[in-house]
Amino acid sequence: MKSPIRLMALVLGGLTLAGCDATRNATNSLLGAPAVPAGTPGHVRGFLGGVAAEEPVAAAVARDILSAGGNAADAAVAAAFTMTVTLPSRVGLGGGGACILYDVRRNDPEALVFLPGPRAGIPPNADRPAAVPLMARGLFAVQARMPRGRPFEELIAPAEQLARFGAPMSRALYNDLVAVQAPLFADPQARAVFGTPDGRAIAVGDRFQNPALGGTLTALRVAGVGDLHQGALARRIEEATGQIGAGTISVGEMRAALPEVVRPVFINARGGDRIAFLPPPADGGLAAAAAFQALQANERLEEAEARALAVAAAWRQRGGDPQALLSEAGLPGGLPGNLPASAGLMVYDKDGNAVTCAFTMNNLFGTGRIAPGMGFLMAAAPNIGRVQPPLLAAAVGWNPNLRAFRMAAAGSGQEGAAMAVAGPMAAQMLRDAGAEAAVQIVPEPGRSQLGMCPRYLPGWPSLCTTLSDPRGTGVAMGATDR
């Protein structure tokens, strides 16, 4: 059952790096600032957890938040805000996403869905209709659902600094830029942020700045997320979207856009383990659940992938109870091609809390147009023209009887996103495969972000593994500080 979260009710509340020196050096080189030093309030030594993200700077930021005493939600939120700066092709303040949260105290995963909002038809004078932004409000909700962590304002600060003073161009962002450079650079603001004076994309490793986005993030940090939905920032969005052919997004639309707490789709594994998948409307999780069931029944990977897409297509056509849909046999067809891009992020902490998310702009770089004076791209409105919703896939495996975390996965890769979650989940939770073997069965174009603790967490941290799909451009950090 869905229950909207109203902002006023929210309360603030693998690559394993062997030691602290290696991790700090990696963070320093990415951010140009020291990692959290010993002696800082909240600083944690020993095992911290793990993070895997599709963009390296975001992973380093999440690792620093864990070392500062933050929990999985704190680290995931800081990494997500960072990705709005460093990977705006797929993650942005103009977009949204969905996350699965496992709080070891609650011992019952829940889903937070904050998709870029649909529009009521094609807005007047809109040649590229924009979705209603929900990213910031969604991330606020993620942090509020797992309290007793770092201050929310602290989680915005790394992204703010990167936007103002420069972030390194990653391979992930560069690849997306060159794929759509010609239409994207038709927007002079996008060309100014991501291009060189002679019209080329900024090279990998070179720094790019987005001062306007830095100013927006400063306003969010100082005035709060609510200002983006019913204050001065909301009025600026209303004005800006009317100027760029996105279809004016009114303050009323911004005010009404709310994240939702939704019950996940649950599947039993073995030995008392269970898996919570993202539920519709983030229907890549439902597709992943269907694929996991097929693999559990010893069907081939190709059959599992076909089943996943057929179940997702059936839900899009007629809706209904997703758990009931999983039991229907003989579903025909699948989804059309050209599904939108997404990006995955996975974090777990030393206590066994976990957050795993998938984010989207409903198209590479969304509408391709930056909101004037605000610095962020507007996501494309779904179900208008050729823009269809993406498959957003993520899942958490845990043992309710042991009250312990076992595994988390986030998937991306258009039609391959569901298998990027289901394949590794089945390999580990049904067959005890390691992370490297688990990711090898993910078919193209799927990419996985994984965290595995086969003997559970809390309890056996030395056996935990964190992995970012080696075919992708991300980074995993097994966070240990000695």
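Before reading on, note that the structure itself is shown above.
Residues numbered from 1 in each chain as written. Predicted model: local features only at pLDDT ≥ 70, side-chain atom pairs only at ≥ 80, totals over all residues. Heavy atoms only, no water.

Caption draft 1: A look at the state of the cysteines. On inspection of all chains with the given rule, the structure shows two disulfides. Disulfide pairing is shown between Cys-99 and Cys-357; the S-S distance is 2.1 Å. Across the S-S bond of Cys-99 and Cys-357 the torsion is about 110 degrees, and the bridge reads as right-handed. Residue Cys-99 is found in strand β3 (residues 96-102), and its partner Cys-357 is found in strand β11 (residues 354-360); the two are separated by 258 residues along the sequence. (Disulfide = S-S within 2.5 Å. Helix = DSSP H or I, 4+ residues; strand = E, 2+ residues; numbered from the N terminus.)

Caption draft 2: Spatial organisation of the packing of aromatic side chains. Counted according to the given criterion, the structure contains eight aromatic pairs. Where Phe-140 meets Phe-152, the ring centres are 5.1 Å apart and the plane angle is 70 degrees; that geometry is what we call edge-to-face. Separated by twelve residues along the polypeptide, Phe-140 in helix α4 (residues 135-144) and Phe-152 in helix α5 (residues 152-165) bring together distant segments of the chain. An aromatic cluster is built from Phe-81, Phe-140 and Phe-152, whose rings are joined through pairwise contacts. (Phe/Tyr/Trp six-rings, centres within 6.5 Å; stacked < 30°, edge-to-face > 60°.)

Caption draft 3: Examining the packing of helix α3 (residues 72-86) against α4 more closely. Contact pair α3 / α4: the axes reach a minimum separation of 8 Å and the direction vectors enclose 165 degrees. Judged by the angle between their axes, α3 and α4 are roughly antiparallel. Regarding α3 and α4, the two cross each other, and that crossing is left-handed. Contacts between α3 and α4 pair Ala-73, Asp-74, Val-77, Ala-80, Phe-81 and Thr-84 from the former with Met-135, Ala-136, Leu-139, Val-142 and Gln-143 from the latter. For the contact of α3 with α4, a count of residues per class yields eight nonpolar, two polar and one charged. (Axes fitted to C-alpha atoms, helices over the stretch in contact; angles between N-to-C directions. Parallel < 35°, antiparallel > 145°, perpendicular 65-115°, else oblique. Left-handed = near helix turned anticlockwise from the far one by under 90°. Contact = heavy atoms within 4.5 Å. Nonpolar A, V, L, I, M, F, W, Y, C, P; charged D, E, K, R; others polar.)

Caption draft 4: Geometry of the pairing of β11. In terms of burial, β11 is largely enclosed, as seven of its seven residues are buried. The alternating pattern of β11 places Ala-354, Thr-356, Ala-358 and Thr-360 on one face and Val-355, Cys-357 and Phe-359 on the opposite face, and all of these are buried. In this sheet, β11 lies alongside β3 in antiparallel orientation, the contact comprising seven bridges. Each residue of the ladder has a partner; that of Tyr-102, found in β11, is Ala-354. Connecting the antiparallel pair strand β10 (residues 343-349) and β11 is a turn made up of four residues, with Gly-352 showing a positive phi of about 95 degrees. (Buried < 20%, exposed > 50% of the residue type's maximum accessible area, 1.4 Å probe, protein only. Pairing = 2+ DSSP bridges.)

Caption draft 5: The arrangement of the pattern of salt bridges in detail. Scanning the entire structure with this criterion turns up 21 salt bridges. The partner of Arg-105 in a salt bridge is Asp-103, with the nearest N and O atoms 2.9 Å apart. We note a salt bridge from Lys-350 to Asp-351, for which the minimum N-O separation is 3.5 Å. When salt bridges that share partners are traced, they join Arg-270, Asp-273, Arg-406 and Asp-432 into one network. (Salt bridge = Lys/Arg side-chain N within 4 Å of Asp/Glu carboxyl O.)

Caption draft 6: Looking closely at unusual backbone geometry. Following Pro-280, the chain continues into Pro-281 via a peptide bond in cis, with omega recorded as 10 degrees. Residue position: Pro-281 is located in the loop between β9 (274-277) and α13 (284-296). Pro-458 follows Leu-457 through a cis peptide bond whose omega is 0 degrees. The residue Pro-458 is located in the loop between β14 (447-457) and β15 (465-468) in this model. Not every positive phi belongs to a glycine, and Arg-403 is a case in point at roughly 55 degrees. Counting through the fold element by element, Arg-403 comes out in the loop between β12 (393-399) and β13 (404-412). By relative accessible area, Arg-403 is classed as partly exposed at 41%. In this structure, Gln-414 is a non-glycine residue whose phi angle is positive, near 45 degrees.

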